[in-house]
Structure formats: structure tokens, C-alpha cells
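Structural overview
Single-letter residue listing:
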Amino acid sequence: MTLQTKAHLGLLSTNLFFAANYSIIKYFTSNSYGGPFGINIIRIGVSVILFWILFLFKSSDEKKPAITKNLKANIPSFLLCAFAGLAVNQMLFIKGLSLTSSISASLLTLITPILITIIAAIILKESLSIAKIFGLTLAVTGAIILIRSKEIIAKGENAFLGDMLIICSAVAYTFYFITVKPLMSKYSTIDVMRWVFTFGFFMILPLCVHEFSQIRWQIFNLKDYFLLFMVVVPGTFLAYVFNAYGIKILSASVAGAYIYSQPVFAVAIAMIFLKEQLNLEKILAATLIMAGVYLSNLGLKSNRQLKD
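The following paragraphs examine the structure supplied in this document. Please read these numbers as outputs of a predicted model, since none were measured by experiment. Every residue gets a number counted from 1 within its own chain, in the order that chain's sequence is written. Whole-chain, interface and lining totals are the exception, using all residues; otherwise, since this is a predicted model, local features are given only for residues with pLDDT of at least 70 and side-chain atom pairs are given and counted only at 80 or more. By convention in this description, side-chain values take in all heavy atoms of the structure and omit both hydrogens and water.

A closer look at the overall build of the protein chain
Short version of the rule: Going along the chain from the N terminus, every DSSP run of H or I of four or more residues is numbered as a helix, and every run of E of two or more is numbered as a strand. We call a residue buried when its accessible area falls under 20% of the maximum for its residue type, exposed when it is over 50%, and partly exposed in between, using a 1.4 Å probe and counting protein chains only. Here the Shrake-Rupley method, with its probe set to 1.4 Å, supplies the accessible areas, and only the displayed protein chains count as covering residues.
Helix and strand counts for the protein chain come out as 13 helices and zero strands. When the helices and strands of the protein chain are read in sequence order from the N terminus, they spell out α-α-α-α-α-α-α-α-α-α-α-α-α. Each of the 308 residues in the protein chain was classed as buried or not, and the buried ones make up 52%. Summed over all atoms, the accessible surface of the protein chain reaches about 14,400 Å², with 70% contributed by carbon and sulfur.

What follows is the structure, given as C-alpha cells:
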């Protein structure tokens, strides 16, 4: 299996985990287990611990370059990634999700690939081919079909505010995508994520402490702890690792294009757990979205052979 194939599988897994997060996080906030910021500090805090545990298992020779390799010079970049990718993106996202529906939130993230492709073309000089433009167009068309589906646009309280917060979080995530790419050429994926999460944790800590203290642990049962585990480990820790790996091996715009798969996964999860019916409209939308992801990947050129 080539590195490119692994990167594509990683990006697909990332968006499956993120799609599951919509429903699980909504479950916690809607049933008064705790506020969105309280849930968020658990996700980030446990992920920080896991990243540093991985670091402790490295050999001494591996640790030294991870700590000293131009780290001081790149601290501003790490801080910017932490601010955009965690402090702003995650705080706005989880608050917005608590106010709107989970599928509405997943659909609104579809503006991210468009922003990533445009900004990547300007800043990173990535090519904007006809195939990529056509692929994005197909994916947007599929998203519109989903958005127009009356079955999946149920709104929660303060849905407009929630939708606006989700859109703002997508803009912040776009800048994270662009900023983290150069760091991937200097450090390993795990090293980058460790520092981004560490800096991000201290940025959001003052905003999350109060809601964390109000989490109703006494009403948690075994299923609730399992769902919390799914949000923290696959849904945050592994999702960010796989996503960063995909950005490192492939382009930022390709990684962004995979976000189009999130609504497909979100609808599938709703069908399984909420017993929604599969209809022709959803099949057509899913087909267009996946075709858009495929076409956006065509014509990509690599400067080196990516093999095991």
C-alpha cells in the first residue's frame, strides 16, 4: 500500500469520525450532560495527554530533533495553528453545534473545501485545474440537494446563531489547514499535533473551566462513557492525526475536499441510529459529493514517489 493510499484512507477515516461527532456531541449537549465548552476541554485535554504519552515512548535520538529542530523559530506558526485550529475553530464549532441540528452543522462545513482550494491556490500556489473546479461544483450541487431535503433540515433553538458560528469555525479551520502544511515538512505528524494541542489547550482552558465543573457525571452510564470515549479518542485524537497525515502526504485542497464526505456519513449514521429512510434524493446527493471528491483529486502531481 502506497503512502498516498494510506493518506486517502486516513482522510476518509477522519471525516467519518468527525461525522459521528456531530450526533454524539449533540446527544450530550441536548440531554444536559454538560455544556459544549465542558465537553470540549475533555476532548482537547485527553488528546494532549495521549500525544505526550506517545512522545515518552520515543527513543532519545527521536526526542531530541522533535524538541530542538527550529522549534523556537516556528513557535509563532504553532501558536497560529493552535489559535485557528483549536481555540477558534473548536470553540465556535461545538457552541454552534449545541444551537443547531447536527446535520445542518455537517452541511455548513462544506464551505471549508471551497475556501481551502481558493486560499491554497493563492498562498501555497497549488494548481486550480478544470477537473478540480468541476469536482467542487459537483460536490456543492450534491450538498444543495441535501440541504433542500426537508427530512434533514430540522433546526434547534437559536439555529441561526448556531449556523453562523459553524460558518465562522469553518473559516478558522481553513486558515489552520493552510498554516499547518509548512510545519508538516519540518516535523513529524505527531510532533506537530502535540505542540498544536498543547498550546491550544492552554488557550481554551480559561473559557472551559466553568462548564467543565458543571458536567453531570452522576447521570453518566456505561453507554455515555463509551460515547465520550468515541468523541475523545477516534473523534478528536485520531481524527486530527489522520487529517494532519493526509495534509502532509497530499495537498491541503485534497484534504479539504474530503470534508464533502461528512454529510454522507452523517446521513448514514442518522439512518442507522435514527431509522431514517434512504431515498433517491439522498443517493443522488451522495453520488455527486463522492464524485466531486474524486474529480478534485485528478491531475495532482507529486514531486516524489510515495512508496513504503
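Some remarks on the pattern of salt bridges
This is how the line gets drawn: Basic side-chain nitrogens of Lys or Arg form a salt bridge, by our definition, when they fall within 4 Å of a carboxyl oxygen of Asp or Glu.
All told, the structure shown has one salt bridge when counted by the stated rule. Between aspartate 191 and arginine 194 there is a salt bridge, and its shortest N-O distance comes to 2.8 Å. Of this pair, aspartate 191 and arginine 194 are both found in helix H9 (residues 189–213), three residues apart, which corresponds to roughly one turn of the helix. Note on aspartate 191: relative accessible area 5%, which makes it buried.

With respect to the packing of aromatic side chains
Applicable threshold: Between rings of Phe, Tyr and Trp, where Trp is taken as its six-membered ring, a pair exists when centres lie within 6.5 Å; planes separated by under 30 degrees are stacked, by over 60 edge-to-face, and by other angles tilted.
Inspection of every chain in the model, using the stated rule, returns 22 aromatic pairs. With 5.4 Å between their ring centres and 65° between their planes, tyrosine 27 and phenylalanine 28 make a pair best called edge-to-face. In this structure an aromatic cluster arises from ring pairing among Phe18, Phe51, Tyr173, Tyr176, Phe197, Phe237 and Tyr240.

Some points on the packing of helix H4 (residues 71–99) against helix H8 (residues 159–184)
Definition in use: What counts as an axis is a line fitted to C-alpha atoms, over the stretch in contact for a helix, and the angles between N-to-C directions run from 0 to 180 degrees. When describing relative orientation, an angle under 35 degrees is termed roughly parallel and one over 145 degrees roughly antiparallel, while 65 to 115 degrees is termed roughly perpendicular and anything else oblique. In this scheme the crossing of two helices becomes right-handed for a clockwise turn of the near helix relative to the far one and left-handed for an anticlockwise turn of less than a right angle. Each residue is assigned to one of three groups, with Ala, Val, Leu, Ile, Met, Phe, Trp, Tyr, Cys and Pro labelled nonpolar, Asp, Glu, Lys and Arg labelled charged, and all others, Gly among them, labelled polar.
Contact pair H4 / H8: the axes reach a minimum separation of 7 Å and the direction vectors enclose 160°. Between H4 and H8, the angle is such that the two are roughly antiparallel. For the crossing formed where H4 meets H8, the hand is left-handed. Classifying every residue of the contact of H4 with H8 gives 21 nonpolar, eight polar and one charged.

With respect to the nonpolar core
This is how it is decided: Nonpolar cores were defined as sets of buried Ala, Val, Leu, Ile, Met, Phe, Trp, Tyr and Cys residues, with membership established by side-chain atoms within 4.5 Å. Here, residues are in contact when the closest pair of their heavy atoms is within 4.5 Å.
Core analysis: the biggest nonpolar cluster contains 63 residues, and Tyr176, Val192 and Met193 have the highest contact counts within it. At the level of elements, helix H1 (3–30), helix H2 (36–56), H4, H8, H9, helix H10 (222–249) and helix H11 (252–257) are the ones that each hand at least two residues to this core. The residues contacting methionine 193, other than those within four sequence positions of it, are Phe51, Tyr176, Val180, Met184, Tyr240, Val241 and Ala244. Formed by eight residues, the second largest nonpolar core is a distinct cluster that contains Ile103, Leu110, Val264 and Ile289.

Topic: H1
For clarity, the cut-off: Helix span, expected: 1.5 Å multiplied by one less than the number of residues in the helix. Throughout, the bend at a residue refers to the angle made by two axes, fitted to the seven residues ending there and to the seven starting there.
Under the 1.5 Å per step criterion, the end-to-end length of H1 is 40 Å for 28 residues, consistent within 8% with the ideal 40 Å. The largest bend in H1 comes to about 25°, at asparagine 21. Just beyond H1, the residue with positive phi is serine 32, at close to 60°.

Quick look at the packing of H9 against H10
Interhelical geometry of H9 versus H10 gives an angle of 125° and a closest axis separation of 9 Å. Between H9 and H10, the angle is such that the two are oblique. When you trace H9 past H10, the crossing you get is right-handed. Of the residues in H10, those in contact with Thr189, Ile190, Met193 and Phe197 of H9 are Thr236, Tyr240, Val241, Ala244, Tyr245 and Lys248. Here the contact of H9 with H10 is built from residues that sort into seven nonpolar, two polar and one charged.

Remarks on a nonpolar patch on the surface
Definition in use: Two joining distances apply to patches: 9 Å for like charges and 5 Å for nonpolar side chains (Val, Leu, Ile, Met, Phe, Trp, Tyr), and every residue must have over 30% relative accessible area and no salt bridge.
On the surface, Ile49, Ile53, Leu56 and Phe57 cluster together into a nonpolar patch covering about 460 Å² of accessible area. Turning to its location among the elements, isoleucine 53 is positioned in helix H2.

Looking at the environment of valine 140
Mapped onto the fold, valine 140 is located in helix H7 (residues 130–148). Relative accessible area serves as the criterion here: at 28%, valine 140 is assigned to the partly exposed category.

A closer look at the environment of isoleucine 103
Positionally, isoleucine 103 belongs in helix H5 (residues 102–108). As for isoleucine 103 and glutamine 262, which are separated by 159 residues in sequence, their C-alpha atoms are 9.3 Å apart.

Considering the side chain of aspartate 224
We count it as follows: Charged residues are defined narrowly, with Lys and Arg counted positive, Asp and Glu counted negative, and His plus the chain ends left uncounted.
Following the sequence through the fold, aspartate 224 ends up in helix H10. Buried within the structure, aspartate 224 lacks any salt-bridge partner; lysine 223 is the closest side chain of opposite charge, at an N-O distance of 4.7 Å. In contact with aspartate 224, not counting residues within four places along its chain, are Tyr27, Phe28, Tyr33 and Ile219.

Focus: the environment of tryptophan 217
Mapped onto the elements, tryptophan 217 comes out in the loop between H9 and H10. Placed 183 residues apart in sequence, tryptophan 217 and glycine 34 show a C-alpha to C-alpha distance of 8.7 Å. Not counting residues up to four positions away in its chain, the partners in contact with tryptophan 217 are Ile42, Phe212, Tyr225 and Leu228.

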